Amino acid sequence: MTTETVWKGKYLSVRKSGTWEYAERIGAIAAAVIVAIDGDGQLLLVEQHRVPLGRPCLELPAGLVGDESAGESVAEAARRELEEETGYHAAFVEERGEYYSSPGMTSESFTLVLATGLTRTGDGGGDAQENITVHRVAPEAVAGFVATKRREGVAIDAKMLLLLGSGLLKEAMGR
């Protein structure tokens, strides 16, 4: 089956294979998604406006690998993005596997990273266009925090299920 490019921009292309349409990142750029725990045992989350959603979204810190310098490793990108978005530098970064964000719609993948040994280096907030709000949340309070943000109209990134899954499983097993 042949694949054709329907549209191509600077960062994304839309491809068609038979009747299937999907988006892919140009240049096979991947992403790092970071589960970061600070020295007080608080989980770092970020909230930022997402243009496709038209509203803010609660997420794990994340960013593209290799978008600023060719040959960048996942660990380097995770450290760079964590510091840019949250103002924390990670002494230790451990890759936890590659995952696909929405395989029915995009070829995009991300590597899940655990970041520890954090040192506060600044306020975070991302670059001038991002306007990121950093949240420090106790792991046991994540489910309630997410519920509150949802009631406030904040979108919730599907990757937040990584944090909520075990609680959901415990609840379902208790029924």
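Residues numbered from 1 in each chain as written. Predicted model: local features only at pLDDT ≥ 70, side-chain atom pairs only at ≥ 80, totals over all residues. Heavy atoms only, no water.

A. Structural view of the sheet that holds strand β8 (residues 88–100). What the four strands build is an open sheet, ordered β7-β4-β9-β8; its pairing is mixed. Each having just a single partner strand, β7 (62–65) and β8 make up the two edges of the open sheet. Averaged over all pairs of adjacent strands, the angle between strand axes in this sheet comes to 30°, irrespective of strand direction. Bridge count for strand β4 (residues 30–36) against β7 is four bridges, and the pairing is antiparallel. Bridge pairing in β7 places Ala31 opposite Leu64. (Pairing = 2+ DSSP bridges. Helix = DSSP H or I, 4+ residues; strand = E, 2+ residues; numbered from the N terminus. Axes fitted to C-alpha atoms, helices over the stretch in contact; angles between N-to-C directions.)

B. Spotlight on the pattern of salt bridges. Taken as a whole and judged by the stated rule, the model has twelve salt bridges. Glu94 serves as the salt-bridge partner of Arg96, at 2.9 Å between the closest nitrogen and oxygen. For Arg96, a relative accessible area of 44% corresponds to the partly exposed category. Owing to a relative accessible area of 41%, Glu94 belongs among the partly exposed residues under this scheme. Its salt-bridge partner being Asp157, residue Lys159 comes within 3.2 Å of it at the nearest N-O pair. Taking relative accessible area as the criterion, Lys159 reaches 22% and is therefore assigned partly exposed. One salt-bridge network, held together by shared partners, links Asp38, Asp40 and Arg136. (Salt bridge = Lys/Arg side-chain N within 4 Å of Asp/Glu carboxyl O. Buried < 20%, exposed > 50% of the residue type's maximum accessible area, 1.4 Å probe, protein only.)

C. Region of the structure containing helix α2 (residues 142–151). Turning to α2, its buried residues number three or more, namely Val142, Val146 and Lys149. Across the axial projection of α2, the buried residues extend over an arc of 65°, all falling on one side. At the exit of α2 stands Gly153, carrying a positive phi of roughly 95°. (Arc of directions from axis to C-beta.)

D. Highlighting helix α1 (residues 74–86). Compared with an ideal rise of 1.5 Å per residue, which puts 13 residues at 18 Å, α1 spans 17 Å between its outermost C-alpha atoms and is within 8% of the ideal. Along α1, the positions that sit buried rather than exposed are Val74, Ala75, Ala77, Ala78, Arg80, Glu81, Leu82, Glu85 and Thr86. Packing partners of the buried residues in α1 comprise β4, β5 (43–50), β7, β8, β9 (109–120) and β10 (133–137). Backbone geometry just after α1 places Gly87 at a positive phi near 85°. (Expected span 1.5 Å × (residues − 1). Contact = heavy atoms within 4.5 Å.)

E. Unusual backbone geometry, seen in detail. Of note, the phi angle at Asn131 is positive, near 50°, even though the residue is not glycine. Position of Asn131 relative to the elements: it lies in the loop between β9 and β10.

F. Seen up close, the side chain of Gln48. Structurally, Gln48 is set in strand β5. Taking the relative accessible area as the measure of exposure, Gln48 reaches 3% and is therefore buried. Other than its neighbours up to four places away in sequence, Gln48 contacts Arg55, Pro56, Cys57, Glu59, Glu85, Glu130 and Ile132.

G. The nonpolar core, seen in detail. Leu45, Leu58, Leu60, Val142, Val146 and Met160 are the most contacted members of the largest nonpolar core, which totals 16 residues. Top contributing element to this core by residue count: β4, with three residues. Those residues in contact with Leu58 that sit more than four places away from it in its chain are Leu45, Val46, Glu47, His135, Phe145, Val146, Lys149, Val154, Ala155, Ile156, Asp157 and Met160. Membership of the second largest hydrophobic core comes to 14 residues, among which are Leu44, Val74, Ala77 and Tyr88. (Core = buried A, V, L, I, M, F, W, Y, C linked by side-chain atoms within 4.5 Å.)

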